Amino acid sequence: MAAAEHSVGFEPADRLAEDRETVRRRFWRKLKRVVAHLPFAEDLLAAYYCAFDKQTPRHVQASLLGAIAYFILPFDVVPDMLPMLGFTDDAAVLATAIKLVASHITPDHREAARAALKRGMGEAEPEAEAA
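In what follows, the accompanying structure is described. (Residues numbered from 1 in each chain as written. Predicted model: local features only at pLDDT ≥ 70, side-chain atom pairs only at ≥ 80, totals over all residues. Heavy atoms only, no water.)

### Description of the environment of L65
Rule in force here: Going along the chain from the N terminus, every DSSP run of H or I of four or more residues is numbered as a helix, and every run of E of two or more is numbered as a strand. Whether a residue is buried, partly exposed or exposed follows from its accessible area with a 1.4 Å probe, protein chains only, as a fraction of its type maximum: under 20%, in between, or over 50%, in that order.
Tracing the backbone shows L65 in helix α5 (residues 58–72). A residue is classified by how much of its surface remains accessible, and L65, at 3% relative accessible area, is buried. Measuring from C-alpha to C-alpha, the distance between L65 and A97 comes to 9.3 Å, with 32 residues separating the pair along the chain.

Set out below in C-alpha cells:
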C-alpha cells in the first residue's frame, strides 16, 4: 500500500504540523477553551511538552505534532462540539501517537503537564514558549 493511502483524512493535520509556531499558538487557544471537557488533558499536555522538547528525536516530534495538529483543527471526523462524542476521534489519534512514542514521554513531561493543569491554563502558555 502507498503511504498516501494510510493518511487519508489527515492531510490538513499533516500540513499544520509542519508549522510548529502555528501549532503552538492554536494549541493553547483551543486547550484553554475545552480543557474542562477533556478527560485526556494531562496526556495531551505531556505529548505537547514532549513534542516541543529539544531532546526529543525529530521523528517522535513529528508524530506528536501530527496528533496535536489534529486536535487543534476546527473540522475533524467527529465535530468537537458534539456532546460526549466530540473529542473521541482526537483522543484516539492522540492515544495512538502516544502508544507509538511512549518511551519518549518522560516523567518530566508528565510533571509539567500536571503542573500546568494544577495552576491553570492562563500561566501554561508562557512557560511552554520558553521550552
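### Let's talk about the pattern of salt bridges
Quick reminder of the rule: The term salt bridge refers to a pairing of a side-chain nitrogen on Lys or Arg with a carboxyl oxygen on Asp or Glu at a separation within 4 Å.
Using the criterion set out here, one finds four salt bridges in the structure. The shortest N-O distance in the salt bridge between E21 and R24 comes to 3.6 Å. With E21 and R24 both in helix α3 (residues 20–34) and three residues apart, the pair spans about one turn of that helix. Given the relative accessible area of 45%, E21 is considered partly exposed. R24 sits in the buried class, given a relative accessible area of 6%. Across the pair E111 and R114 runs a salt bridge whose closest N-O atoms are separated by 3.3 Å. Of this pair, E111 and R114 are both found in helix α7 (residues 107–119), three residues apart, which corresponds to roughly one turn of the helix.

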